Amino acid sequence: MYDTQEKAGAVVAELRAKRMVRAAELIEESIGETLTYYAFPDSHWRKIRTNNPLERIMKEIRRRTRVVGAFPDGQSCLNLAAARLRHIAASKWSTRKYMNMEPLFAEQNQSQGAVA
């Protein structure tokens, strides 16, 4: 089975073979950022690689903007989206934890030699 760095190298080589040089360069430049989630505890991987909370917010904003239909200008659409975001930030929904951060803090304390 491929290591992630080896797989990225294979993808870059394949893109270069197809003369997609710019795409290959972009992958080479950002592969470190793409694989950052491997540095987190594996219990966090699933929640890091998905963006369900953000998608839920976007779905709510789309639902609200579809009701209006046509906005007179871009600012009124922005005002509606901002109002919805303010409502979410002020509600109990925004205070719910998406991830348990204890494993991450425990790992940091162990690597720094701190006593818990």
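Up top is the structure these notes are about.
Parameters at a glance
Residues numbered from 1 in each chain as written. Predicted model: local features only at pLDDT ≥ 70, side-chain atom pairs only at ≥ 80, totals over all residues. Heavy atoms only, no water. Axes fitted to C-alpha atoms, helices over the stretch in contact; angles between N-to-C directions. Helix = DSSP H or I, 4+ residues; strand = E, 2+ residues; numbered from the N terminus. Parallel < 35°, antiparallel > 145°, perpendicular 65-115°, else oblique. Left-handed = near helix turned anticlockwise from the far one by under 90°. Contact = heavy atoms within 4.5 Å. Nonpolar A, V, L, I, M, F, W, Y, C, P; charged D, E, K, R; others polar. Buried < 20%, exposed > 50% of the residue type's maximum accessible area, 1.4 Å probe, protein only. Polar contact = N/O pair within 3.5 Å; in protein donor to acceptor, adjacent residues only side chain to side chain. Salt bridge = Lys/Arg side-chain N within 4 Å of Asp/Glu carboxyl O. Expected span 1.5 Å × (residues − 1). Bend = angle between axes of the 7 residues up to and from the residue.

A. Quick look at the packing of helix α4 (residues 52-68) against helix α5 (residues 74-90). Taken N-terminus to C-terminus, the directions of α4 and α5 make an angle of 135°; their axes are 10 Å apart at the nearest point. In terms of orientation, α4 and α5 fall into the oblique class. You can see that α4 and α5 cross each other, and the crossing is right-handed. Between α4, through Ile-57, Glu-60, Ile-61, Arg-64, Thr-65 and Val-68, and α5, the contact on the second element is made entirely by Cys-77, Leu-80, Ala-81, Arg-84, Leu-85 and Ile-88. Residue composition of the contact of α4 with α5, grouped by class: 8 nonpolar, 1 polar and 3 charged.

B. The side chain of Thr-65, seen in detail. Its place among the elements puts Thr-65 in helix α4. Look at Thr-65 and you get buried, because its relative accessible area is 16%. Polar side-chain contacts of Thr-65 include one of 3.0 Å to the backbone oxygen of Arg-62.

C. Highlighting the pattern of salt bridges. In this structure the tally under the stated criterion is 7 salt bridges. Lys-18 serves as the salt-bridge partner of Glu-14, at 3.3 Å between the closest nitrogen and oxygen. A residue is classified by how much of its surface remains accessible, and Glu-14, at 46% relative accessible area, is partly exposed. Two residues, Glu-60 and Arg-63, come together in a salt bridge whose shortest N-O distance is 3.0 Å. Of the two residues, Glu-60 and Arg-63 are both situated in helix α4; the distance of 3 residues between them amounts to about one turn of the helix. Taking the relative accessible area as the measure of exposure, Glu-60 reaches 18% and is therefore buried. If you follow the salt bridges from partner to partner, you end up with Glu-60, Arg-63, Arg-64 and Arg-84 in one network.

D. How the structure looks around the environment of Pro-103. Within the secondary structure layout, Pro-103 lies in helix α6 (residues 102-112). For the pair formed by Pro-103 and Asp-42, sequence separation is 61 residues and the distance between their alpha carbons is 9.5 Å. Not counting the four nearest positions on each side in its chain, Pro-103 is found in contact with Pro-41, Ser-43 and His-44.

E. Region of interest: the environment of Ala-83. On the secondary structure map, Ala-83 appears in helix α5. Spatially, the C-alpha atom of Ala-83 lies 9.7 Å from that of Ile-61, the residues being 22 residues apart in sequence.

F. Representation of the packing of helix α1 (residues 4-17) against helix α2 (residues 21-34). One can describe the packing of α1 onto α2 by two numbers: an axis separation of 8 Å at closest approach and a directional angle of 165°. Relative to α2, the element α1 is oriented roughly antiparallel. Handedness of the α1/α2 crossing: left-handed. Two secondary-structure elements touch here, α1 through Gln-5, Ala-8, Val-11, Val-12, Leu-15 and Arg-16 and α2 through Val-21, Ala-23, Ala-24, Glu-25, Ile-27, Glu-28 and Ile-31.

G. Looking closely at α2. In a regular helix each residue adds 1.5 Å, so 14 residues correspond to 20 Å; α2 covers 19 Å between its end C-alpha atoms and thus fits that length. Of all the bends in α2, the greatest measures close to 35° and is centred on Glu-28.

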